[in-house]
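Architecture at a glance
Read off the chains here:
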Amino acid sequence: MSIAFGGIVALFFRGLNLVVALGLVGLCSYELEKGDYGRFVLGLTFVGIVNAATGGLTAATAYQVANQRRPPGMALANGGVLGGGLGAAAVAGGLLAGWWFAGEARQEALAVGAACAAVVVNGVVAGVFLGREAFIRYNLALVCPPLFALAGIAATFFVLGQRTPDAALWAYAAGWWAAVALLLVSGGGAGARNARLEGAMLAAIGRFSLLAGIASGISYLNYRADLFVVRHFEGEEGVAVYSLAVYLAESVWQVSGSLALATYARVGSLSRPEAAALTARVMRHTVVLLGVICAGLFAASWAIEAVVFPKYDGMGSALRFILPGVLLYGLAQSFSGFYTYQRGMPWVSAVVAGAGLVLDMAFAFTLVPRMGVDGAALASALAYSLAILGGLTVFMRQERIGPAGIFGFGRAELEDYRALLSRLRAGLVRAQG
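This write-up is about the structure you can find in this document.

Conventions used here
- Residues numbered from 1 in each chain as written.
- Predicted model: local features only at pLDDT ≥ 70, side-chain atom pairs only at ≥ 80, totals over all residues.
- Heavy atoms only, no water.
- Axes fitted to C-alpha atoms, helices over the stretch in contact; angles between N-to-C directions.
- Helix = DSSP H or I, 4+ residues; strand = E, 2+ residues; numbered from the N terminus.
- Parallel < 35°, antiparallel > 145°, perpendicular 65-115°, else oblique.
- Contact = heavy atoms within 4.5 Å.
- Core = buried A, V, L, I, M, F, W, Y, C linked by side-chain atoms within 4.5 Å.
- Buried < 20%, exposed > 50% of the residue type's maximum accessible area, 1.4 Å probe, protein only.
- 1 Å grid on protein atoms, 1.4 Å probe; cavity = no way out; pocket = protein on both sides within 12 Å on 5 of 7 lines; lining within 4 Å.
- Points joined across faces, edges and corners; volume = space filled by probe spheres on them.
- Nonpolar A, V, L, I, M, F, W, Y, C, P; charged D, E, K, R; others polar.
- Salt bridge = Lys/Arg side-chain N within 4 Å of Asp/Glu carboxyl O.
- Expected span 1.5 Å × (residues − 1).
- Bend = angle between axes of the 7 residues up to and from the residue.

Topic: the packing of helix H12 (residues 315-329) against helix H15 (residues 373-399)
Contact pair H12 / H15: the axes reach a minimum separation of 8 Å and the direction vectors enclose 10°. In terms of orientation, H12 lies roughly parallel with respect to H15. Only Val373, Asp374, Ala377, Leu378, Ser380, Ala381, Tyr384, Ser385, Ala387, Ile388 and Leu389 of H15 make contact with H12, whose side of the interface consists of Ser317, Ala318, Phe321, Ile322, Pro324, Gly325, Val326, Leu328 and Tyr329.

Written as structure tokens, this is what we have:
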């Protein structure tokens, strides 16, 4: 399967996920008051932190299936033990936070804890699908939970008439749990074969999950920590404006993520030189595709603010500041996939993300007081760019790949798209026949 074709398959589902995510953002930003939407975003940010910190379970489970050739049922059982424990801890954390706070904040904390637990359990199931190269099921595990959450929030707003942050967060949690239950039932038959606990495998998943979770958690904080800086200096309304710019900018990573996803299992099974060459090839596709998309968003940013988000003044300006960094950091997904699935070294991604986080915080505390949300966007762009360029320098030296191997789009990539067009034409001919 060519990178272009595999990327198109993954992009189809990522596109659905993007539509759902933007629908969630659009619905909540329109129906909630500006400050309430900022509180809702902060709640989802905590869910995202837990999702990222426990995302190592997905990588660890997939690694056991794809790289270590362990039966999917065993990976599901052993990963499920860890996931269940972490999910219970998330619920307990929500209860503890709910006891500490009062009023609506108590309900929001409980809802966030319930959503975090669903996210953790879903990650284990998704890891089994990814390791088996069951891309349809894996992508359903990505699309269904937020889709169900969107449906739940819409019902809460328009049927129940509840338009508060805590009501939206409870509906979000309920949607995730409904989707997780459906995925477990629909995928449980194949996953249950060879299901048994094994101490060595449980320990291996635990160690890998810890390292990968640290990497993912730091990466997510690299994306979101400046929201708390914005809240400190600009309040919850500033959070609402800045979060919209970030969501729109980072939506382009659905494209780079699709290209990387299409090759994760292959990167894990190839020899190191072959995997490095494939990773560099994916990066070349990423630079071109994201470059075109980012340029389009940059040009249309003023119209997006005026037409789609008129009550969020400054969103378009922040979007323009952050886009260059988003373009470069789109390469981080392929970079992370190589060191996680091929080298078994997820901590490398943590180092890159950690450097980005430190730079982001340093720039944000300097720029936000002077430039507001634009300062946060500029801080993120600078941090993204410097962090990934440092990581790529190490990758190129270790794998003996020159800059042209990553940033030069050549004949091999054109052949990928010619093959894709030929395949699409053949499919149309068969459909017409």
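What follows picks up the thread again.
Focus on the nonpolar core
Ranked by size, the top nonpolar core spans 94 residues in total, and within it Tyr37 and Tyr329 carry the most contacts. Examining the composition of this core, we find that 14 residues originate from one element, helix H8 (residues 199-250), more than from any other. Ignoring anything within four residues of it in the chain, the contact list for Tyr37 reads Val25, Cys28, Ser29, Leu32, Ala240, Ser243, Leu244, Tyr247 and Tyr312. In this structure, Met74, Ala141, Leu183 and Phe208 belong to the second largest nonpolar core, which totals 23 residues.

Overview of unusual backbone geometry
Leave glycine aside and you will find that most residues have negative phi; peptide bonds, for their part, are mostly trans. With a phi angle near 55°, Arg400 is a residue other than glycine that sits in the positive phi range. Summarising the element assignment, Arg400 is placed in the loop between H15 and helix H16 (404-407).

Some words on the layout of surface pockets
One number sums up the size of the second largest pocket: a volume of about 180 Å³. Lining of the second largest pocket is provided by 14 residues; of these, Phe335, Val348, Val351, Val352 and Val394 occupy positions nearest its centre. Residue assignment for the lining of the second largest pocket shows that the elements contributing at least two residues are helix H13 (332-342), helix H14 (347-371) and H15. For the lining of the second largest pocket, the residue count by class is 10 nonpolar, 3 polar and 1 charged.

Re the pattern of salt bridges
Counted under the stated rule, the structure contains 7 salt bridges. Note that Glu31 is salt-bridged to Arg163, the shortest N-O span being 2.7 Å. Taken together, the residues Glu31 in helix H1 (residues 3-31) and Arg163 in the loop between helix H6 (135-158) and helix H7 (165-191) connect sequence positions 132 residues apart. For Arg163, a relative accessible area of 35% translates into the label partly exposed. The residue Glu236 makes a salt bridge to Arg231 at a minimum N-O spacing of 3.6 Å. Judged by relative accessible area, Arg231 falls into the partly exposed class, the value being 40%. Here the residues in one salt-bridge network are Asp36, Arg39 and Glu108, joined through shared partners.

Quick word on H14
With 25 residues, H14 extends 34 Å between its outermost C-alpha atoms, agreeing within 8% with the 36 Å of an ideal straight helix rising 1.5 Å per residue. At Ala364, H14 is bent by approximately 35°, the largest bend along its length. Buried within H14 are the following residues: Val348, Ser349, Ala350, Val352, Ala353, Gly354, Gly356, Leu357, Asp360, Ala364, Leu367 and Val368.

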